Amino acid sequence: MAPADQTGKTISDDTASRLLAWYDVHHRELPWRVTPREHARGARPDPYRIWLSEVMLQQTTVEAVKSYFRAFVEKWPDVEALAAAPTEDVMKAWAGLGYYSRARNLKACADLVAARGGRFPDTEVALRDLPGIGAYTSAAITAIAFDRPAAVVDGNVERVISRLFSITTPLSEAKGEIRVHVERMVPATRPGDFAQAMMDLGATICTPRRPRCMLCPLREDCSVVVSGDPEHFPVRLPKADKPRRRGAAFVAVRGDGAILLRKRPDKGLLGGMTEVPTTAWTARIDGATTEAAAPFPANWRCEGQIAHVFTHFALELDVFRAEVDSAAPAGHFWSLAHEISGEALPTVMKKAIEAAIPGATKKPRPH
DNA sequence: AACCCGGGGAC
DNA sequence: GTCCCAGGGTT
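Residues numbered from 1 in each chain as written. Chains lettered and ligands numbered in written order. Predicted model: local features only at pLDDT ≥ 70, side-chain atom pairs only at ≥ 80, totals over all residues.

The test is simple: UniProt positions are given in the numbering used here, feature names are shortened, and annotations may be inferred rather than shown by experiment.
An unreviewed UniProt entry lists chain A under the name Adenine DNA glycosylase, from Mesorhizobium opportunistum. UniProt's Catalytic activity (unreviewed entry) comment on chain A is quoted here verbatim: "Hydrolyzes free adenine bases from 7,8-dihydro-8-oxoguanine:adenine mismatched double-stranded DNA, leaving an apurinic site."

So, in structure tokens, the structure goes:
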């Protein structure tokens, strides 16, 4: 419990009250959100929609999530519908969103929840045991969907807290300290709105760069506003350099227009997604070496190159194309597809196919 | 604790 | 180009 001042109200209560008052006016409108006005009228969020949105929002921006969220809830309105769907359909719907293990865990979690009668657990510890739900997501669902007190700590909250208290300890070591600050700050009433308010503050006011401190409802509580260097927080340790990965993709086009595809293993890079044949990643590669590594003999021609930037490394991909009469390498995970737009293609493979066959991944025009 | 896993927006 | 985002899982 936070120390009380002479008024009997705790410092934390005061901070939370200011934040909630700001949130009532300046909250973001989001497709999965129950607004504070609706909440005051008795509306309650659907745990399924909160869970779905939280998983999609893991390391993913709100703008990127919106269209995927709408498509998912239209296709699968509740957890039973999602549980009834084939995993491959879920992977296709997730294609382009990234971090594909989330999609597999999403489906596995839906199966478990549906098997238990379709109700999500309403405590952090029970939620934490479900696939794809970690410390953040379990706390977020507890607070937002069930309006129960929980310390919701995401990247936004880490930034807000580290600035409020000028935490100079590197972020990797400061997690515990930050959590304690949040636990003391969570109000007994409206813990769900408090969690969303902290994240809205981080997303719209206490931004990573050029924060709008003059508009911040917590500026009088904040230690860095006075000293004036909010952009230096949170303190992070420098990341180690990562080597580049290079390789080649082979687009084999059969006479009838079919393209040779394969499904990647469920684990690892782009796990569970569809791709054209590729070489293994190497540090250095040249055209002759690449072409010699083609999946079968053919007149391969280099059709272009794409570069793909990941968080921790970059990969570059030479794209080769060949017209073939038949293309059927051994192996059960190979397939031929005429409608590439219907496959669970990650963005990097969509770009590779587009480089060799412009328009191949575009959806057909409705008449 | 460190590392792996995508894609995109802001600058 | 850089940074980092409503993180989880694995080692």
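### Re the domain arrangement of chain A
By a widely used convention, the size of an interface equals the accessible area lost when the partners come together. Threshold: The start and end points of each domain follow an automatic or database-based domain assignment. This entry defines residue contacts through backbone-placed C-beta atoms, with two residues in contact when those atoms are within 7 Å. By definition, any uninterrupted DSSP run of H or I lasting at least four residues is a helix, any uninterrupted run of E lasting at least two residues is a strand, and each is numbered from the N terminus. Under the scheme applied, nonpolar residues are Ala, Val, Leu, Ile, Met, Phe, Trp, Tyr, Cys and Pro; charged residues are Asp, Glu, Lys and Arg; polar residues are all the others, including Gly.
According to the domain assignment, chain A consists of domain 1 (11-232) and domain 2 (245-356). The gap between the C-alpha centroids of domain 1 and domain 2 is 37 Å. Across the boundary between the two partners, domain 1 contributes 8 residues, which contact 9 residues of domain 2. Looking at which element gives the most residues to the side of domain 1 that touches domain 2, the answer is helix α6 (residues 87-94), with 3 residues. Its residues assigned to classes, the side of domain 1 that touches domain 2 shows 3 nonpolar, 2 polar and 3 charged.

### So, the environment of Asp 229
Along the chain, the position of Asp 229 falls in the loop between α13 (223-227) and β1 (245-254). Along the sequence, Asp 229 and Met 199 sit 30 residues apart, while their C-alpha atoms lie 20 Å from each other.

### Some thoughts on unusual backbone geometry
In this model, Phe 233 is joined to Pro 234 through a cis peptide bond whose omega is -5 degrees. Relative to the assigned elements, Pro 234 resides in the loop between α13 and β1. Of note, Tyr 99 is a non-glycine position whose phi angle comes to about 45 degrees, a positive value. The phi angle at Asp 147 is positive, at roughly 50 degrees, despite the residue not being glycine. Structurally, Asp 147 can be placed in the loop between α9 (135-146) and α10 (155-164).

### Side note on the nonpolar core
The following threshold applies: Think of a nonpolar core as buried Ala, Val, Leu, Ile, Met, Phe, Trp, Tyr and Cys residues, each tied to the set through C-beta atoms within 7 Å. In this scheme the burial state of a residue depends on its C-beta neighbours within 10 Å: 20 or more other such atoms mean buried, 12 or fewer mean exposed, and anything in between means partly exposed; the C-beta positions come from the backbone.
Val 152, Met 198, Val 251, Val 276 and Ala 352 are the most contacted members of the largest nonpolar core, which totals 85 residues. Excluding residues within four positions of it along the chain, Val 251 makes contact with Ile 259, Val 276, Val 319, Phe 320, Arg 321, Ile 353, Ala 356 and Ile 357.

### Focus: the protein's contact with DNA strand C
For the record, the criterion: The criterion for a residue being near a molecule or strand is simple: its C-beta atom, placed using the backbone, must lie within 6 Å of it.
Lining the immediate environment of DNA strand C, one finds 30 residues, of which Leu 57, Gly 134, Thr 137, Gly 155 and Met 199 sit closest. For the surface near DNA strand C, the secondary structure elements donating two or more residues are α3 (47-56), α9, α10 and α12 (191-204). Top element by residues in the surface near DNA strand C is α12. It accounts for 5 residues. Broken down by class, the residue content of the surface near DNA strand C amounts to 11 nonpolar, 13 polar and 6 charged.

### Some remarks on the packing of α6 against helix α7 (residues 101-115)
Two numbers describe a pair of packed helices, the interaxial angle and the distance between the axes. The criterion, for reference: All axes here are fitted lines through C-alpha atoms, helices being fitted over the stretch that makes contact, and every angle between N-to-C directions spans 0 to 180 degrees. Here the angle decides the label: under 35 degrees means roughly parallel, over 145 means roughly antiparallel, 65 to 115 means roughly perpendicular, and every other value means oblique. Here a crossing is called left-handed whenever its near helix is offset anticlockwise from the far helix by less than a right angle, and right-handed whenever the offset is clockwise.
Direction vectors running N to C along α6 and α7 enclose 140 degrees, while the axes themselves pass 9 Å from each other. The angle between the axes of α6 and α7 places the two elements in the oblique class. Crossing hand, α6 versus α7: right-handed. Contacts from Thr 87, Val 90, Met 91 and Trp 94 in α6 reach Ala 103, Arg 104, Leu 106 and Lys 107 in α7. In terms of residue class, the contact of α6 with α7 is built from 5 nonpolar, 1 polar and 2 charged.

### A short note on the environment of Val 25
Position of Val 25 among the secondary structure elements: in helix α1 (residues 11-26). A sequence separation of 234 residues divides Val 25 from Ile 259, and the C-alpha atoms of the two residues are 53 Å apart.

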